[in-house]
Amino acid sequence: MNFEGYIHLILWPTLIGFLINGIFGSKLSRKMSGVIACIGPLTGLLATSMIYLTQPLLEAKTVIIYNWFTIGLGNPVNFSVYFDHLTVLMLFIITGVGSLIHIYSIGYMKDDPGFSRFFAYLNLFLFSMILLVTGSNLVLLFAGWEGVGLCSFLLIGFWFKNTEYNKAARKAFVMNRIGDLGFILGVFLLALKFNSIEIVKIQESFGEIAKNDPTIVLITLLLFLGVCGKSAQIPLFTWLPDAMAGPTPVSALIHAATMVTAGIYLVARMSILFNLAPFTLNIIMWTGVITAIVSASIALKQNDIKKVLAYSTVSQLGYMASALGVAAYTTAIFHVMTHAFFKALLFLAAGSVIHGLQGEQDIKNMGGLKSKMKVSQIVFLIGTLAIVGCPPFAGFFSKDEILASVYSWSFWGFVVLAFSSVFTAWYMFRLYFSTFHGNYRGTQHTWEHAHESPWIILFPLLVLAFLSIIGGFAGMPEILSHHHLVKEYLKFSMVDHTHTVSHLFEYSLWGITVVALLIIGILSYRKYSTIKKEDFEKEEDIISKILANKYYLDEIYSIIFSRPLKSLGSWFKNVFERNGIDIYVKAPGALLNKASLELKPLQSGNISWYMISILLGFLAFAILFIFKF
Amino acid sequence: MDKIFYILSVATIICACMVIISKHPIRSILFLVATFFLISAHYILLNAQFLALVNIVVYAGAIMVLFLFVVMFLNLNKEVEAHKGVFSWFAAIVSGGSFFLIVIKALEQSKLLINDSPNHSIGLVENLGHVLYKEYLLPMEISSVLFFIAMIGVVLLNRKEKIVKEN
Amino acid sequence: MLSIIYLILVPLIFGLLIILFKNKWSSGIALAGSAINLFLFFFMLSQYNGGLRIENQFSIPWIPELNVDLHFGLDALGIFMILLSSLILPVGILASIKYSKFRRKSYYVLMMIGLTSLIGFFSAQNDLTFYVFFELALIPFYFMVLMYGGSDRKRALFKFFLYTVFGSFLMLASIIYFRSLINIGATSDWSILYGVELNLKSQTWIMLGLLIAFAIKSPLFPFHTWQADLYSEGDRPAIIIIAAVLSKMGVFGILRFFNIFENAILQYQTPLIVLSIIGIIYAALIAWRQSSMTRLLAYSSLSHMGMIAAGIFSASVSGLQGSLFQMLSHGLVIAGLFMVVDSIMSRTNNSSIYGSSGIATSQPRLATYFFILCLGSVGLPLTSGFIGEFDILLGLSSINWILALVAGTSIILSAIYIFRFYQKSMFGDNHPENKSWTAITLNEEYVLIILSILVIILGFFPASWLELADQATSTFVQLKSKIQ
Amino acid sequence: MLSIAILTITATLVLFLGFSKNRDLILPFSAAGVGVAALCLLTNQSLWNEWFMNMMNISGPSKAFSVLILGLSLCIIPFINEFRRRGTEEIADFSGLLIFSLIGGIMMVSYSDLMILFLGLEILSIAMYILAGADRKRLNSNEASLKYFILGAFASAILLFGIALFYACTASFRLDAEVLQNSTLLNLSFLIIFSGLAFKIALVPFHFWAPDVYQGTPTIFTATMATIVKVSAFGALFQFISLCNHHMTEWIYWLLSLIALTTIVFSNILALQQKSVKRMLAYSGISQAGFILIGFLNLSPEKSWSILYYLFAYSTASLVCFLVVHFVEEKSFNDDHSSFRGLYFNNPFLAIVMSIALISLGGGPLTAGFMAKLFVLNNAAIAGNIALVVFALIFAVLSLYYYFRLINQMFSHSNEIKSWSIEYPYAGILTVLSIGTIIAGILPNILVDLLK
Amino acid sequence: MENSTPEIFSAIPLTYYILLSTALFVVGLIGVMTRKNIIIVFMCIEMMLNAANLMLTSTSAYYGNSGGQIMVFFTMAVAAAEVAVGLAIIVMVYKNLKTTHIDIFNKLKG
């Protein structure tokens, strides 16, 4: 099969799966739905592997499928895909993790009445995500970008009877759209500047542009606004924790492994552009750093198992962004990959726990589950170790690379990131220990019914756990190996700045990491493996409160943006419409009606008066026209 | 001659004013008759004897008698009209006066035609007859329609109501 | 080649047939008439060669004194809107069938006259034909709303009617003024009128009169006060057509006359765009706070029309092209949305978005079509709504990126109000009254399916239409380059 | 001249027919007479013209005016029969008077000598004074007749004074006479004559009689006043302005503009709040007259067709309106706005023809009314008075308010549904008028060619 | 008498006659507008017609043009017809209303 064939195999099966499940879903059996849905990502994974194996991709390939539309006079926007190493890597992540999560979902969702609808959405999501990473131009990329936002909306509000979930879904979509506006404006400015929106063509025409060209800075800033929305950076990150309203596989797939990394992908994809705007890069770095510390600190005080993971996702995204900010694009993508493994693992494991506890999500009501859910506990532990950066798990390598890169760019950024990784370790251990160790704190009834999940759920967990363990070796640091596989693979796609740090720094960093993790692990074990339910409520100092309430960011946003706009809208609707706009129509009408009534007495019916007015009229005309006064 | 004109004119105006001033309808009618007679006198002065005669016959003789008849018939002779509305008098006099002024002003600003040797015998019956039946035959014929209409109208308007039911 | 007069006459003939046949046949005959019309139109479309030519012309001498013919023809600009009208009219008829107990012949006769006048309007080839059909289109819809509308319809209708007529009389004045300024030869088609060179002052006056007329008709901010009232009080099948097609007449008019007052538009471009943008945001904010479905759609429509107007005023290739495309797309979307609202309201008799929660549970298919239409409305990529908005915003950003930014907030606000609308009416707990719902009828479902599919197909394959739009607007841009 | 003779003979014979028992013959005979007269005019059968020293000349625009007058009366005459339903038997007198008044109308539109104008005006007016009072028992009719008479006589006196002044300046009654100088007095006399004619046309501020009289007069004769009298008076004004255009300087242009504007503004505002439909139609007629006056701004004999076209459009439409009002009045005993409620459901035919007529009056598209407005306003624009065009159109919106208020009434459900029937001849006339309105709107060139 | 030229034509200018008839006309006008009895109002109108007649006659005589006097002749005819019809109307109205006061006739208004 040739290259085009593989492309079609990657693109369309998910869409077909969506259509079949979406249109005929209610008529299909659950098994059929599940199988049809899984075909999509699996075919995609297979085709991607085939491309990886058979096509060396020495140079990027663009395949035009059809002419989508034209902008302006004869400037075509094609529905065309672009394949380079970055695309293939992203496709691996997407279809790989996607396949696993599809399989997982068959087990997880098996009792849900909206089973086929769920798979339809998942397939649609994968289609959009594939579109996003393969789109050869920014408009198609944007189509995928919005498509994943839409699927996120649909899946967060999947259980649509719950009004809160609906709100969360809307919030996610709207916040994404704020970013999208920035993105699309960036696209416009690019299109106007380079007269094309094909990524390749834009990259080709960079030669003559100076660094920090104002237009480029503006474009990159606007694009970064899009990134903030999609990848949950400050100030647009508050939607992501709320997005945990959706079913757990969704949280794993969309809100941890793939969609939120789209922003990272975008910056990596446009790395040449961003390289021209160091100003923007600085902003990206600091945004990432601050996002990382802020969300990590919030995660310290969350009690919902998924919320903790959500904030940890935001925090990890902050890491990735700061890597982008220091122009270490490959590192960021590397972290995307490892993060996809361990965060999906964590979420799915958490889902397994939730599944086993009939939907319980609050860690206050957990504890001691290791006896009931052995496999889940182990894979969760693997995931935890990976995320806190314990060598030699996947997270260790990527995180270490990020810290090193940031250090070489900005010392203070490094310090903050290091702090946030301490926080990460603390809240992850807290989560792990309070869930699986100690005594069960929930009701007796749930305890009795708590059970390990079926194999269809556990299988993906095991695969992911395996990947979380070995994933990091794809990018070993220089001091261990000269073959950084990811870097080598991606060197055709993007241009990193070179970050060199001394070996001494690197060793000491490792050392400190290991020591710190040990200390934190022990402390955490002592505190949380025996914690009582009441103890969760005891921590009531001001800082905890602020953290538990997410720095009151939602409230602040509401006061600054949404409420004024709402009341402005109400004012427009109730006051200005009636007294401002309507007045154009009403006032002349009322005036004329009044005039009509006022003038009626002129027509008094009195003959003498009529004769007088005829004469007066005549006199007036005579004076006006004959004597020309 | 000019004195006759002035006297006649002043008398005409005074009579005319009396028509509108006098409160009693009969008196008004009589003053109007007097006015018409004075106008006829003017006509004689202007050598329009035929018109003078017709004026007396038609206006003073027929029309005013008709008026008188109606006033008597309707028993209006006792009705004395109260001249209230000072305002309406004021308005009427002001507007009438300005009409007069306008005509004076217009007259001042324009010259009238001057005919050096006018034919002053046109007012005689013979001359008028010639013209009437030659040049002005059409209006002459058509005025018959006018009278016909007036006749039907009077009959129509004051016929006694009789309702004839058709089968 | 078929003459376009068939498109205009066929509905009239079918209207006559309706009068001759029994009451119960009338909806069927009307449907047949509009279907034949649609078929004829597609036949013409298949033979359309494109370019700047006017095809399928029909012309008879009309007012020789003013050198005006009654002249119709198919051109690139008109095709969009003729397509829209022939598509939406059957939608209106299908929507009205469920009320057929209360409908009489007159209703369908009016529908047919409406179709005639709309096609006549969009294919008019000179200013007076244009004007006559501009006004004519008002009359059938006036009577439809008058005879079959809601309880408070008269007030709303009157506001609409007088306001619109005020506008169209201003337009007539402008046209008369325009014609008094020029000397034209044997005929006065658009091509000749476009060639007239006027000085800036008279252009400005003409633009003022015409723009007010068009702004009232569309409506555009701040001349929209009739809209919400009419949409909520009118007869809903008629409102479907009014919202989808009649509201485009205004902006279509701006495009039609664009060449005539182009200099004036370029002169006052910034204030015009700013006004449109204020309208976009203003309407979106009000839509956000609406609890009545019909009013919400009215304001959302106002917001979108503002976007279209902004695109036109941007006087750029992509802006004009996007506006034209968006007119088509918005017509389909708003027709579908009103169809959904009609389906809901005909069952619940409640226009509040809170009055019908949980429909998605009892009517999943309705919810699905509704959702697709919502996506079209918020302009999600790969739906028809995206292409237009994209081009318009691109056109705006070619003038000033800040303008595009501010106008672009509508994509945020539209997401807010449309999804609020969607979630409140479709999601949530199943409203107790919904249990007694009858399932949506086949008629409604066909309409919704077709509209949804069209929204998506146009999103995936807009290219040929955009090419048409390109041809339609290319003359403007040529002129523009000549000026600069 | 032949047609005038035919009309006279017909009228006289009709009056005599009134004595006979068989009254069914009267109206067909009258109609036939009028029809023959109209035919004579159309085929240029004119005897004895040379006998009358060229005092009137029925040709060109005058002929068109005359035919229009005769045509309108043909539509009105059959309706006189309706009086018998009320028990009034003098239909012979009515139709005789109507035919006589036509003679006056023809004189007015074709005079070239002011004497003929005065006589014609009086013939028409006196007949109308009588017809206004035809409903002797109704106080409104009495009052209308009296008001019309007193004010009409007053206007005639003023007109006569104007004629006298004209004579004093020129020693002639012929408007096309050579004048030595263009003096102020002459202009004053023009203005006075104009005022006299404006009274008949009912232009603001000489319009005061119109609403009162229209309201009180029996509706059929209101229709006559609104159409025949107005057409005749406009014909007279047309003759007047076209004949002495060379005497008048610019002031007539501004005078016409001002009067047109005040007429349109004032009448439309006053019409807004009328409850009586006849009264409303009266005001609407006044405002339409304002529009027609705009057509005089750019007057030349070749342009007469636009005025004629407008008069055609106006008179057909308002004839339909008044006739429909007549039927409604017959059924519900008043012409109140509310008695039109639900007319569509009682008799769809009446409601539809009335709507068409009202739309035409309002200048709706594809009706004669629109074309008429277009032609007239185009004249004004060519004459350079674009401001007038704009204001006239803005205030014309008001007229749509009251027309459509009536339409709203007709198409609203009323509680009681009665089925009213209308006899075929009447329906036929209304249909012909409506179709004429629409055809003249769709294909105006047919009518325009005719008028030319 | 036929050939004799009356003195008046040389003694009094035409303008005086015009003024005189205008004055009469104005008096009639004032009467028309102020009097309340319809019959009197009607009489005043007749006076206005007569004023015009006077002007016509005098100008006709001064110019030696017979048209004016013919016109006066017709005016009288018109006046006669008018009076006949007018008085008939007034009598008809009086029968119904028993008054000739002008202010009673204001039922039709507005």
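Look a little higher up for the structure.
Note that this is a predicted model, so its numbers are computed, not measured.

Analysis parameters
- Residues numbered from 1 in each chain as written.
- Chains lettered and ligands numbered in written order.
- Predicted model: local features only at pLDDT ≥ 70, side-chain atom pairs only at ≥ 80, totals over all residues.
- Heavy atoms only, no water.
- Helix = DSSP H or I, 4+ residues; strand = E, 2+ residues; numbered from the N terminus.
- Rg over C-alpha atoms; globule rule 2.2 N^0.38 Å.
- Buried < 20%, exposed > 50% of the residue type's maximum accessible area, 1.4 Å probe, protein only.
- Contact = heavy atoms within 4.5 Å.
- Areas by Shrake-Rupley, 256 points an atom, 1.4 Å probe, with all protein chains shown as cover.
- Lys, Arg positive; Asp, Glu negative; His and termini not counted.
- Charge placed at Lys NZ, Arg CZ, Asp CG, Glu CD.
- Buried area = accessible area lost by both parts, 1.4 Å probe.
- Salt bridge = Lys/Arg side-chain N within 4 Å of Asp/Glu carboxyl O.

Asks: Describe the overall build of chain E, with residues and values.
Replies: From N to C terminus, chain E includes 4 helices and 0 strands. Listing the helices and strands of chain E from first to last along the sequence gives α-α-α-α. In terms of C-alpha radius of gyration, chain E reaches 18 Å, well past the compact-globule figure of 13 Å for 110 residues. Within the span of chain E, comprising 110 residues, buried residues form 75% of the whole. Looking at chain E alone, contacts between residues at least 24 apart form 57% of all its contacts between residues at least 6 apart. Surface summary for chain E: the accessible area is close to 2,500 Å², and the carbon and sulfur share equals 55%. Charge separation in chain E, taken as the distance between the mean sites of 6 positive and 5 negative side-chain charges, equals 27 Å.

Asks: Would you mind going over the overall build of chain B in detail, with residue names and values included?
Replies: Of the regular secondary structure elements, chain B holds 6 helices and 0 strands. Ordered by position from N to C terminus, the α and β elements of chain B give α-α-α-α-α-α. Of all 167 residues assigned to chain B, the portion counted as buried reaches 46%. In chain B, the proportion of contacts linking residues at least 24 apart, taken out of those at least 6 apart, comes to 60%. Surface exposure of chain B reaches about 8,800 Å², of which carbon and sulfur atoms provide 69%.

Asks: Please set out the environment of D:Leu131 residue by residue, giving values where relevant.
Replies: All names here are of chain D. Residue position: Leu131 is located in helix 6 (residues 114–132). With relative accessibility at 0%, the residue Leu131 sits in the buried group. Sequence separation of Leu131 and Ile9 is 122 residues, and the distance between their C-alpha atoms is 20 Å.

Asks: Could you give me a rundown of the interface of chain D and chain E, with the residues and numbers involved?
Replies: Taken together, the 39 residues of chain D in the interface contact 44 residues of chain E. If you sort the residues of chain D by the area they bury against chain E, D:Leu146, D:Phe161 and D:Tyr167 come out on top, with a joint share of 18%. Linking chain D with chain E are 0 salt bridges. Counting residues per element, the ones that place at least two in the side of chain D that touches chain E are helix 6, helix 7 (139–170), helix 9 (209–216) and helix 12 (277–295) of chain D. Per-element accounting of the side of chain D that touches chain E gives the leading share, 22 residues, to helix 7 of chain D.

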